[in-house]
Amino acid sequence: MAPQYKSIETKHHEERESLFRDLQRLGRLSRRGFMRVAGAAAGIVAAKGLVTPHGFQLVELAQAQGAGRAPFTFAYISDTHMYTRNVNDRFVRSALKAVDDVNALDPQPDFVIFGGDLAQTGRRDELEQGAQILKTLKAPVHVQVGEHDWFLDMGEAWRSLFGSPNYSFDHKGVHFVTIMSVEEPDFWTARGMTAEERMATVAGLDNSLQGRFEVGAEGREWLRNDLARVDSRTPIVVFSHSPLYKYYRAWNFWTEDADKVHALLGRFEYVTVIHGHTHQMLLNRIGNIDFYGMLSTAWPWPYAPTGLPKISVQMNRADPFNAFDACGDGQFDMLTSGAIDKLYNLWNRDPVTVRASYLASKSAKDRPLATTLPSY
Amino acid sequence: MRTLAPLALALCIGSTGAALAQDALPHHNLPASPDGNLVVGLCDGETSIEVPGVKPGEPMTREQAQRVADALMSEWRRKHPGVEWVAAPANHSTTPPEMQLADAARSTSGTNASRPASVTAAAEQDQAQTYGAFTARDRKIWNDSTEKLVAEGKRIFHDAKALGSNDAISCDMCHPDAANTHPETYPKYQVQLGRVVLLRDMINWCIENPVRGKPIADDDARLKALEAYIIAQRKGVALDYGKH
């Protein structure tokens, strides 16, 4: 019989499916039987050296059986940067690959978050094409906005497709907030820029003509009002496009009024910020807030020369000879504790799980595997 | 003809600005030998001598060649009486020559302690006369020319059209500020290509693949500009060729 080869993704999904199958059997098992399943499954994953010994959060999920809040999973796709297909088909194919990944999850995630930068140059036809692709996701989608979606027509086309960029929803006892974090002070009027020039300036990561990203006074006021009715013991998850902290100013890996936003989130026990824009495995913890950066499907960004959060674990540097390398999508597991574990589903590589306990312990516990190829 | 003259002048002015990289290099026009012998020029761009009995294209022995070199040198000395040809000082400094002179006059200790101050001063004075007779203004012009090439490279790096892209992708989309291009690590063995490559090989790989353009020829002004920009972003980083 010919040897069978399976891709990383196939193996990963098979393992994941088998774990969830075991999990579904738990209801029929005694506590002792459950411990055996959980232990064996965690052991297999740990032995493969792919993820931290606690991969797939079986224990945490099990604890949820008796708790008030149910655990759940949501998936993400981010930073697809799609031109129309006739201009560039590669980014469209990458986005479709991510949709296939998420649609193949069994069980399906409760919902999918799209992390912004659906389009590359903000044109209506790019955004409409992107909206059509997102519609092929089986699970409900919550879309957030990125600067590439916005600065051609200041959000007109995006709003007509997706509504307000600031909105919130509650799901299984968790309060989710999606906030527009890529406002910029007006740099274009005084320079007499056309809409296209404004868009091209913002689209250039290293273009220093533009301003720094911010939520802005209006956005912060909206956030303050939205959070006013939420109990401080309710876990909060904030979706933003830019990282809601100050990582590297020159590339707008940055939110100018981050400190003011943190102040609004300060009274909550569990806050997780999930952001796009940085196209890399990126972790941070500031005060009570965990931060996870999402992968892009289009291309990876290099790590910035300075400012990388100390607890961040770098992914291996990208292989320029593989268009999908260091890109990907991923999942979040909402734990009953109110914290979130994250799976970085890196295409062309082993997936990496980052445990909330790694962030909470300030990198003392559950460190993800280190890279063998750090940045230059 | 009278109407053509202003046009020609305008063309001249126009081309000096644009022809940053295309200007012809200075060329030493050697006088022809009446006997069809080989003529060899000195690096001053002016002096030359004829080599009797050797025709152009014929090989010379090492001894013959040494005689030619010695003859050129003595011809240069004859033209420059009283000027001493001195080897560059071992502890060459980047200090501008006009400052070196002042420094050398003061310096009787420190880095120059191993050599008598008079010798140091003489050497640097003569070096300044031979190679280094340039001013702060010269340096500014050179620096501006260099930055102009770097700026042109930056423009191309960020411009899909200038790169000949067929999918609207430009270099900066993966390499903001030319990050992660690490020019200091070339030449190196590029595993994916199975050979030792230079930075320009990787530039062309990216132009052909993610950018989907045609590779740029080695002498293309765009390639020189791209290299200039990429290298300029790593100023101060130690050269470490072969690094992975």
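All of these numbers come straight from a predicted model, not from anything done at the bench.

Reading the values: the criteria
Residues numbered from 1 in each chain as written. Chains lettered and ligands numbered in written order. Predicted model: local features only at pLDDT ≥ 70, side-chain atom pairs only at ≥ 80, totals over all residues. Helix = DSSP H or I, 4+ residues; strand = E, 2+ residues; numbered from the N terminus. Buried ≥ 20, exposed ≤ 12 C-beta atoms within 10 Å, placed from the backbone. Contact = placed C-beta atoms within 7 Å. Nonpolar A, V, L, I, M, F, W, Y, C, P; charged D, E, K, R; others polar. Pairing = 2+ DSSP bridges. Axes fitted to C-alpha atoms, helices over the stretch in contact; angles between N-to-C directions. Parallel < 35°, antiparallel > 145°, perpendicular 65-115°, else oblique. pLDDT = per-residue confidence, 0-100. Expected span 1.5 Å × (residues − 1). Left-handed = near helix turned anticlockwise from the far one by under 90°.

Remarks on the overall build of chain B
When its secondary structure is counted, chain B shows seven helices and four strands. Secondary structure elements in chain B, listed N-terminal to C-terminal, are α-β-β-α-α-α-α-β-β-α-α. Expressed as a percentage of the 244 residues in chain B, the buried residues total 17%. Long-range pairs, those at least 24 residues apart, make up 52% of the contacts in chain B between residues at least 6 apart in sequence.

Quick look at the overall build of chain A
Along chain A, the regular secondary structure elements total 11 helices and 14 strands. Once local pairs closer than 6 in sequence are excluded, the contacts in chain A between residues at least 24 apart make up 69%.

As for the interface of chain A and chain B
It is common to give the size of an interface as the accessible area that goes away when the parts come together. Each partner contributes to the interface: chain A provides 18 residues, whereas chain B provides 16 residues. For the side of chain A that touches chain B, a count of residues per class yields 12 nonpolar, three polar and three charged.

Topic: the pairing of strand β4 (residues 167–171) of chain A
All names here are of chain A. Sheet topology note: the β4/strand β5 (residues 174–178) ladder contains five bridges and is antiparallel. Across the sheet, residue Ser168 finds its bridge partner in β5, namely Val177. A loop of two residues connects β4 with β5, the two strands running antiparallel in sequence, and Lys172 in this loop sits at a positive phi of about 50°.

Quick notes on the packing of helix α9 (residues 216–228) of chain A against helix α10 (residues 258–265) of chain A
All names here are of chain A. Running from N to C, α9 and α10 cross one another at 10°; their axes reach a closest spacing of 10 Å. Relative to α10, α9 is oriented roughly parallel. Where α9 approaches α10, its residues Arg220, Leu223, Arg224 and Leu227 are matched on the opposing element by Lys260, Val261 and Leu264. Looking at the contact of α9 with α10, its residues break down into four nonpolar, no polar and three charged.

Examining the confidence of the model for chain B
Residues and elements named next belong to chain B. Here chain B averages 80 in pLDDT, while 71% of its residues score no lower than 70. For chain B, per-element mean pLDDT is lowest for helix α1 (residues 4–18), which scores 40, and highest for helix α7 (residues 221–232), which scores 98. Note on residues 95–120: pLDDT is under 50 here. Beyond four places in sequence and across chains, it has 23 contacts.

Examining the environment of A:Asp117
Residue and element names in this part refer to chain A. For Asp117, the position within the fold is in the loop between β2 (112–114) and α5 (124–135). Residue classification places Asp117 among the buried residues on the basis of 29 C-beta atoms within 10 Å. The spatial distance from the C-alpha of Asp117 to the C-alpha of Ala203 is 9.9 Å, given a sequence separation of 86 residues. Each residue touching Asp117, except ones within four places of it in the same chain, is listed here: Asp79, Thr80, His81, Gly146, His148, Asp149 and Gly276.

Looking at helix α4 (residues 90–103) of chain A
Residue and element names in this part refer to chain A. The end-to-end C-alpha separation of α4 is 20 Å, in line with the 20 Å expected for 14 residues at 1.5 Å each. Of the residues making up α4, those classed as buried are Phe91, Val92, Ser94, Ala95, Ala98, Val99, Asp101 and Val102. The inward-facing, buried residues of α4 contact β1 (72–77), β2, α5, β12 (328–334) and β13 (340–346).

Here we look at the sheet that holds strand β14 (residues 352–354) of chain A
Residue and element names in this part refer to chain A. Across the sheet, six strands lie side by side as β3-β2-β1-β12-β13-β14; this open sheet has mixed pairing. Edge positions in the sheet fall to β3 (141–143) and β14, since each of these pairs with one other strand and no more. Each neighbouring strand pair of the sheet contributes to a mean axis angle of 20°, computed without reference to strand direction. Here three bridges tie β1 to β2, and the two strands are oriented parallel to one another. Note that in β2 the partner of Ala75 across the bridge is Val112. Packing of α4 onto the sheet brings it into contact with β1, β2, β12 and β13, and relative to β1 it is tilted by some 170°.

Notes on the packing of helix α6 (residues 199–208) of chain B against α7(B)
Residue and element names in this part refer to chain B. Running from N to C, α6 and α7 point in directions that differ by 110°, and their axes come no closer than 11 Å. On the basis of the axis angle, α6 is roughly perpendicular to α7. As α6 runs across α7, the sense of the crossing is right-handed. Across the interface between the two elements, Leu199, Arg200 and Ile203 from α6 touch Leu223, Leu226, Glu227 and Ile230 from α7. Classifying every residue of the contact of α6 with α7 by side-chain character gives five nonpolar, no polar and two charged.

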